[in-house]
Amino acid sequence: MASDYKKVVVRTVPRGDAEVSKETQFWKNFEFPVTVKEFGAVTCVDFNPQKPHQFAVTSSTRVQIFDPLTNQVEKTLSRFQDVAYSATYRADGKLLVAGGEEKSIRLFDVNGRAILRIFKGHSGPVHVTKFGTDNLHIMSCSDDKSVRCWDIPSEMETRRYDEHADYVRCGTVSTASKDIWLTGSYDHKVKLFDLRTQASVLTLDHGHPVESVLMFPGGGMFLSSGGNCVKVWDALAGGKLLAAVSNHHKTITSMCFNGARNRLLTASIDRHVKVYDVASYKLVASLDYPAPILSMGVSPTDSTVVVGMSSGLISIRHRKPEPGDAEKTKRKLKLSRVSHRYYDRGHKVYTAQKGDIVVKKDPRDFLQKYDTMLKRFEHSKALDAALKTSVRIKTPEVTVSVLQELVRRGVIKRALAGRDEKWLRIMIAFLKKHITNPNFAGTVIDITNMLLDIYTPVIGESEELVSHFRRLKITLDKELQYHRTLQEIKGMLDTVLAASQTVDHGTREDLAAANTEIPTERTERSGMAVPMES
């Protein structure tokens, strides 16, 4: 009996690309990330609530304030003798507070560098510092398991809670009430404090060491993250668990809201940032990064996302401008310019009259733009000036000289870091053009290696940058092939020249031997020896 016929199994394959929601497009619509390398792990990122929304980055023994437009460091606060933590802005953007391993809290004026206040009293490192809603008090949480309240004018401790049984590594202040604080600890507990009472008013068990806590603007709900789970609690219902979200593979280290407070962003050491809809807690987008993430911040306008990683990398992503934004910017610049004749209106200019003694002034020796910027220690701007079209094309030796000067000063890596995709394309094109020039090859090769060291983690996110580096590699391969061919030719020529020298030396020896065998006779008058005639 014949067996049943076995049909051909047709493989099912997906047709076309998967549908991409508008939400995903919104969070993917960012430019190529600007990467800055710090000396240590980036433990905190905080945006200034006031325009132009600078952001403070806490890493190692310093706090750096970045300009969101240029991605450059505006100011560095380095008045720390040990590792600094949790630098955050006050609501008015005028003051900044930070803790650290020194067991003290420092208060800074954003417009200056001096320390305004130093609050001492903790017996362990201070990992959390926040301003109170009234802007007159500071909240601090420490590894000494305590939560304290400090009065800014008097520099005195006004409240202290010792209820946690382990390190307190996260905390926040309610924006709805100046007296409500929320803290999380490694003892798995989340505690809600009211400064008008002597003890906590609510204690909840998260189930894992708590790494981050966050309160909703209304103050009735809050979130806690620990392990790979985010939990949503209802404070008004006595701490009722409303939802538990788990989309990360590893520990969640940071949480924040977007500017409109309708999206929740979570970051983890699994190198991902997840975006959730606050209404349904449904995952709407995911962002990838090259290293484990420790801190994160989103600007109030949702135009900038800054992520700090354990490797010391800072990733700065800006939203791509809308088509009409460029025209609006040009129009504003045009209106802001003031004509010279209007500027001089009302000023009487004196001209020399007959009989006046005119003293000629020596012409001033103006420095080039890059020299002026180097004199002001504006290294990144000096490199930008040397890479302008009129300089790098007509006088490439000037650009290379500026690069050599930055290398000599030891600031070349800082000048190369923190660049966007457009700048990198210009720089790679310049390196590709001059990497085969023997006058510039040494410097250009060193700069290429530095660029690869700095931007290797993020190059793969831009296909255009990958293609530029491939072209650079092709140029190098051709140059190396030329050198190999020249080495082979040189070896052939050395062999030919060595053989010709051997033949020439043998011919001379034969001639010398022939001359000694010819008989001679001396003339009687001169006494000279002459060859005898045959």
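Residues numbered from 1 in each chain as written. Predicted model: local features only at pLDDT ≥ 70, side-chain atom pairs only at ≥ 80, totals over all residues. Heavy atoms only, no water.

The chain is annotated in an unreviewed UniProt entry as U3 small nucleolar RNA-associated protein 15 homolog from Acanthaster planci. UniProt, in its Subcellular location (unreviewed entry) section for the chain, records the words "Nucleus, Nucleolus". (UniProt positions renumbered as here; feature names shortened; annotations may be inferred.)

A. Inspection of the layout of surface pockets at higher detail. Approximately 1500 Å³ is the volume found for the second largest pocket. Taken together, 49 residues form the lining of the second largest pocket, with D46, T88, K130, T172 and L214 sitting closest to its centre. Elements supplying a minimum of two residues to the lining of the second largest pocket: strand 2 (42-47), strand 6 (84-89), strand 10 (126-131), strand 14 (168-173), strand 18 (210-215), strand 22 (252-257) and strand 26 (293-298). A class-by-class count of the residues in the lining of the second largest pocket yields 23 nonpolar, 20 polar and 6 charged. (1 Å grid on protein atoms, 1.4 Å probe; cavity = no way out; pocket = protein on both sides within 12 Å on 5 of 7 lines; lining within 4 Å. Points joined across faces, edges and corners; volume = space filled by probe spheres on them. Helix = DSSP H or I, 4+ residues; strand = E, 2+ residues; numbered from the N terminus. Nonpolar A, V, L, I, M, F, W, Y, C, P; charged D, E, K, R; others polar.)

B. Quick peek at the nonpolar core. Within the largest apolar cluster, 39 residues are counted, with the highest numbers of intra-cluster contacts made by L383, L406, L416, M427 and I447. For this core, the elements supplying multiple residues, two or more each, are helix 4 (369-375), helix 5 (379-386), helix 7 (396-409), helix 8 (412-416), helix 9 (421-434), helix 10 (441-459) and helix 11 (463-517). Ranked by residues supplied to this core, first place goes to helix 10 with 8 residues. Every residue in contact with M427, bar those within four places of it in the chain, is listed here: L387, L403, L416, I447 and L451. (Core = buried A, V, L, I, M, F, W, Y, C linked by side-chain atoms within 4.5 Å. Buried < 20%, exposed > 50% of the residue type's maximum accessible area, 1.4 Å probe, protein only. Contact = heavy atoms within 4.5 Å.)

C. Just the packing of aromatic side chains, in detail. Enumeration according to the criterion identifies 7 aromatic pairs in this entry. Measuring from centroid to centroid gives 5.3 Å for F47 and F55, while their planes differ by 50°, and the two rings are tilted. Its relative accessible area of 8% is what places F47 among the buried residues. Ring centres of F55 and F66 lie 5.3 Å apart, and the angle between their planes is 5°; on these two criteria the pair is classed as stacked. With a gap of 11 residues between them, F55 in strand 3 (residues 55-59) and F66 in strand 4 (residues 62-66) connect regions that are remote in the sequence. Per residue, the accessibility class of F55 equals that of F66, and both read buried. Cluster of aromatic residues (ring-pair linked, three or more members): F47, F55 and F66. Above the ring of Y289, the side-chain terminus of R317 is found at 4.9 Å from the ring centroid. Across from the ring centre of W423, 4.3 Å away, lies the NZ or CZ of R419, which sits over that ring. (Phe/Tyr/Trp six-rings, centres within 6.5 Å; stacked < 30°, edge-to-face > 60°. Lys NZ or Arg CZ within 6 Å of the ring centre and 35° of its normal.)

D. Examining the pairing of strand 28 (residues 313-318) more closely. Of all 6 residues in strand 28, 6 are buried, a share of seventy percent or more. Of the two faces of strand 28, the one holding L313, S315 and R317 and the one holding I314, I316 and H318 are both buried throughout. The pairing of strand 1 (residues 34-37) with strand 28 spans 4 bridges and is antiparallel. By the bridge assignment, V34 is partnered in strand 28 with I316. (Pairing = 2+ DSSP bridges.)

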